[in-house]
Structure formats: C-alpha cells, structure tokens
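Architecture at a glance
Here is how the chains run, residue by residue.
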Amino acid sequence: MKTIFLAFTLKNSSVAEFFVELANQLSQVHKVIIFTHAVESNSLILNKQIEVRRWPSPRPTRIADMIFLRKMINEYRPQIMISNFAAVNLFLITGFLFRIPQRIAWYHTLYDQIEKNRILKFRKKVVYGLASQIIANSNASKTDLIKNFGVKSSKILVINNALQYNELQNTGNQNKIVYAGRLDAVKGLSTLITAMSIVISYYPSLKLHIIGDDTSGDEADNLKMQVKNLKLEENIIFIGNKSRDDVLKEFSSAWFSVVPSRVEAFGYVVIESFSVGTPVVGSETTGIAEIIRDKKDGFLFKVEDFQDLAEKMVTLLRDPAMRNNMSLNCKKSFQERFELTSSVKRLQKILNLT
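Report on the accompanying structure. (Residues numbered from 1 in each chain as written. Predicted model: local features only at pLDDT ≥ 70, side-chain atom pairs only at ≥ 80, totals over all residues. Heavy atoms only, no water.)

1. Focus on the pattern of salt bridges
Close approach of charged atoms lets side chains of opposite charge pair. Throughout the structure, instances matching the rule amount to 10 salt bridges. Here Glu51 makes a salt bridge to Arg53, at a shortest N to O gap of 2.8 Å. Between Glu264 and Lys187 there is a salt bridge whose closest N-O contact spans 3.0 Å. Of this pair, Glu264 sits in the loop between strand E11 (254-259) and helix H9 (268-275) while Lys187 sits in the loop between strand E8 (173-180) and helix H6 (189-199), and the two are 77 residues apart along the sequence. For the pair formed by Glu264 and Lys187, the shared burial category is buried. Counted as one network, the salt bridges with shared partners bring together Lys31, Glu51 and Arg53. (Salt bridge = Lys/Arg side-chain N within 4 Å of Asp/Glu carboxyl O. Helix = DSSP H or I, 4+ residues; strand = E, 2+ residues; numbered from the N terminus. Buried < 20%, exposed > 50% of the residue type's maximum accessible area, 1.4 Å probe, protein only.)

Below you can see the structure in the form of structure tokens.
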C-alpha cells in the first residue's frame, strides 16, 4: 500500500470534485491524506478512510507550512505527492528535498492569464524543474509550460478536466443565453456585450444572464457602463455569484452559452455547459478550441471579433434544428471525453496508481 498526499481546497468547485473522486478511488487501495488551506461549506463526499489535514496558514506559502509538511512526511513517508495551485511550490520543493519518488504538479492557468512578473516566472521555472511529472489540463497548457517555463515535453502529461455525470437535460429557452465566469478583462465579456447589441436587432426578446462573482470593481463597472451606453439594460442581466449547482441549472435552461475568453487554459465552463446538453459559442483560443467541435457541439468564433460572434449567435437562434442537434452532440461528447469517474480511472492507469 502506497501513501499519497493530495493538496487542493475542499469546497464546492469543479477542481475539488475531480480530486475528491481521485482521492476516493485511490483510497480503495492506498492510504490517502488530503491537505487543504480551508474546509469550506461543500457537498463533497469523502471515503471514511481518507485523512484531512489543514495547513497552518491561510495559504501554504510560509515557513510554518513547510515545517508542518516536513513533519507529515517524516510521519507517513509518502511515495506520491500531488499538488495544485498555491501548494505546488511547497509540495515540489519539500518533496524534492525529502526524495519523494513521484512529485506531481497540476498546471491549470496559462501564463498569459496572470500578472507578468519576471521574478515569479523564474521562481516557477526552478520549482517546476523539481517535479517528476507535470499534468497539464490541455495541449495549450502543455505548450505554455514548454514555452514560458522551459519544462521538457517528456515530463508533461495532458489530462483534461472532468466532471461528474449530470442528470439535468437541456430545456432550451430560445430567449435565454448564459455567460458564467469572472468579470475580468481576459474573459472577453466586452466582446460579448458588443455582439449582443447586434443580435438584439434580430431578437429583441433575447436575455443574456451574466453569472460571476466579481460584480463590483473597475472591470465590472466598465462592463455595466458599456451595457448602459449600448442601451442593453433590458437584455443583459448581471446575476452575481451562484453555486455550481445553480450555474448548471442556468445552463440547462439556456438556448446556448457563450465563452468569449481571450485566452483560456481549458475552460471548465465549456464542459459544464456540455454536461447538461447546452451548446457553446466559444472563442477559438487555446484550450476552448480543444473542446468545442466547430459546427458540431457549437461554434468557434475569432477572438475579440464581435461581428463574428454575433453572426454565430444569430445562426443558432435562427436554426432550432441545428441547435437541438448540437445539444445532443455536446452531451454525448461530454460522456465520452469528460465524464469524471472514467477519466479518473484512465488517469490512475497512466500514472500506475491502480
């Protein structure tokens, strides 16, 4: 029996759902210990034999966290350490110093999606060099690791994100479309709002529901001002933050969803939309274009091209038969490519963790 350390945050999120499923499957034959900086309110179900440890600090980036991790390594002597986000640096450095055989880091976010900092970039390059393997959530992420951090291709494994199968079915309200995500400039919402000003000239009853947790701040204010200036207050509704279950319900009642990001490592919202049979109109950027099969699951449009986006949106609104066929296709694609349980089983075989 191997001992495996897993670092991620226990909360209601798609990332946590993936790693809880991984932890549960691994715990059937191995000892699994989860490290989290918080245990937020969630509906995740862990096997009883899994142990949970909390970091001493709000984020595992301090000396106290390293001392705590060193103590845990001395006590349990793990053979595998798997980390995400803030825990990556600590897990890789400490794991390397204590000669843990498998030191695996997950890469979720493209370099172009974060604030540029040469010192942080250099530090990350050094830290990634300590990993025995890095898992990228898309081919775009793999290319990013090679280009910006000098990671060898042979060290990178591409494993797409995955979600649990959902019983929700798309009901297709032709007057409703949905965007879900941060209200951040990199997410391309300004392009979508401009496209809406064209689309409503054909479909004046159309409503765009914008779901996001950043409804205040400079970018949110800019977007709301853009909506006002274009006289779209009756057509664009800022919903605010919603639980993941409620987001899925929003997707399931929409005619289609839109993901207009300028850059995206993978695009969890795309497979969330697919999971309930809702087609997606997404920008042909990086990770998104790896998921959407153009003209089959939805449409791809040119990045930041609001006219191209508007054209694709109008096409789907005009052709219910096409849209309904795409609904069936994207649900099937989700089941074959992104369903959680089968994806985690494939991962275990690839990593020789069975």
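2. Side note on the pairing of strand E9 (residues 207-211)
Along E9, 4 of the 5 residues are buried, which leaves the element largely enclosed by surrounding structure. Here E8 runs beside E9; their pairing, made up of 5 bridges, is parallel. Its bridge partner lying in E9, Lys176 is registered against Lys207. Note on the crossover from E8 through H6 to E9: the handedness is right-handed. Note: E9 against strand E10 (residues 236-240), 4 bridges, orientation parallel. Residue pairing for E10: Ile211 is matched across the bridge by Gly240. (Pairing = 2+ DSSP bridges. Right-handed = clockwise from strand over helix to strand, strands pointing away.)

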